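Overview (structure and organization)
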Amino acid sequence: MDLSVLQIFVEVMRHGNFASVARERNIDPSSVSRTIASLESKLGIRLFQRTTRKLSPTEAGITYFKKIEPLIEEIQQAAIVAKDISGNPKGTIRVTASVSFGLKCIVPFLPKFEAKYPEVTVDLLLTDSVVDLFTERIDIAIRLGQLTDSTLIIQQLMPTRYCVCASPDYLQKYGQPQKPQDIEQHNCLLFPLVGFRTRWIFKDKIGNNQEILVKGNTIISNAIALEQCAISGMGLTLLPHWLIDEDIRNGKLVKLFPDYKVTGTDFNTAAWLIFPSRTYIPLKVKVFVEELKKHILVYK
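The model shown is predicted, which means the values in this text are computed figures rather than measured ones.

**Regarding the sheet that holds strand 3 (residues 91–97)**
The strand order across the open sheet built from 5 strands is 4-3-5-15-6, with neighbouring strands paired in mixed fashion. Looking at strand neighbours, the two that pair on one side only are strand 4 (120–126) and strand 6 (153–159), the edges of this open sheet. Direction aside, neighbouring strands of the sheet carry axes that sit 25° apart on average. Note: strand 5 (residues 140–145) against strand 15 (residues 270–275), 5 bridges, orientation antiparallel. Counterpart to L144 in the pairing with strand 15 is A271.

**Structural notes on the packing of helix 5 (residues 99–106) against helix 9 (residues 241–249)**
Contact pair helix 5 / helix 9: the axes reach a minimum separation of 10 Å and the direction vectors enclose 50°. Put simply, helix 5 runs oblique to helix 9. Across from S100, F101, K104 and C105 in helix 5, the residues of helix 9 making contact are W242, L243 and E246. Its residues assigned to classes, the contact of helix 5 with helix 9 shows 4 nonpolar, 1 polar and 2 charged.

**Comments concerning the side chain of H186**
By secondary structure assignment, the location of H186 is in the loop between helix 7 (168–174) and strand 8 (188–190). According to the relative accessible area criterion, H186 is buried, its value standing at 10%. A distance of 2.9 Å separates the side chain of H186 from the side chain of Y170, its partner in a polar contact. In this view, H186 contacts Y170, Y174, G175, P177, K215 and L236; residues no more than four positions away in its chain are not counted.

**Section: empty space enclosed by the protein**
Overall, the coordinates contain 2 cavities of 30 Å³ or more when judged by the stated rule. By volume, the second largest cavity is sized at about 30 Å³. In terms of residues, the lining of the second largest cavity owes the most to one element, helix 6 (residues 110–116), which gives 3 residues. Class assignment for the residues of the lining of the second largest cavity results in 2 nonpolar, no polar and 3 charged.

**Considerations on the packing of helix 8 (residues 223–231) against helix 9**
Where helix 8 meets helix 9, the closest approach of the two axes is 11 Å, and the angle between their N-to-C directions is 25°. One way to sum up the angle between helix 8 and helix 9 is to call them roughly parallel. Pair helix 8 / helix 9 crosses with right-handed handedness. Touching A223, I224, E227 and I231 of helix 8 are L243, I244 and D247, all from helix 9. Here the residues of the contact of helix 8 with helix 9 sort into 5 nonpolar, no polar and 2 charged.

Cut-offs used in this document
- Residues numbered from 1 in each chain as written.
- Predicted model: local features only at pLDDT ≥ 70, side-chain atom pairs only at ≥ 80, totals over all residues.
- Heavy atoms only, no water.
- Pairing = 2+ DSSP bridges.
- Helix = DSSP H or I, 4+ residues; strand = E, 2+ residues; numbered from the N terminus.
- Axes fitted to C-alpha atoms, helices over the stretch in contact; angles between N-to-C directions.
- Parallel < 35°, antiparallel > 145°, perpendicular 65-115°, else oblique.
- Contact = heavy atoms within 4.5 Å.
- Nonpolar A, V, L, I, M, F, W, Y, C, P; charged D, E, K, R; others polar.
- Buried < 20%, exposed > 50% of the residue type's maximum accessible area, 1.4 Å probe, protein only.
- Polar contact = N/O pair within 3.5 Å; in protein donor to acceptor, adjacent residues only side chain to side chain.
- 1 Å grid on protein atoms, 1.4 Å probe; cavity = no way out; pocket = protein on both sides within 12 Å on 5 of 7 lines; lining within 4 Å.
- Points joined across faces, edges and corners; volume = space filled by probe spheres on them.
- Left-handed = near helix turned anticlockwise from the far one by under 90°.

So, in structure tokens, the structure goes:
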């Protein structure tokens, strides 16, 4: 049995359609369809039920997939291990991260990494949607916040600190709030996530928490856009340190309430490295993580 045929079958099962597999492989969907039809002919069973709108695996297809998938994974992993013996990282790494974190923290790191490891190709997917690591064949995902999925391999990249900030122009025009309660008298730039949009939580030096209601006439789903609006003097906003530390240092933004910790959700948030649940991490992934951790030190 041709290994590439079985790989295509596994990919179709994961994606649930021919088009996505064809797009990733840069081939025509009809080619994927013919490959599956040929496999069905050789096996003498129908693997998928096809309609004009939907592709559904048959019971036989699901059973075959459960047997074939781990074998394909082992074969692919064996090839990776063999290549890594040379000690020369090479190949493609698929990385995903949120748009803001990727633009601010990963993209500036890529030229240095490429210069050091010219045989490694980085396929970077920036999206604010949660990507399925297995379906999209992701090697590393970087996610923000709290994580509870124990089926994945997780490492903390760095803790996240939030702060309330505003531009000097805004503060000169509307006055600088002296205590968290003063925020209720100011226009806030809001993020459409539970907590960030309605109230911010402050913790003082002795550990007392207080929730402050926030309101504003601008709601944006991208942190970099909120940063730019804040710099333009549109209001107060709550943003992570990795995004605004440089703005604070160069005077574009002013950090408010330095004696308080603040968050929109939880104080124990971080940026996390997420790996698929596999027993072996390829050398190309290891060196990427090592270099990224060195780069990210500037944001800690």
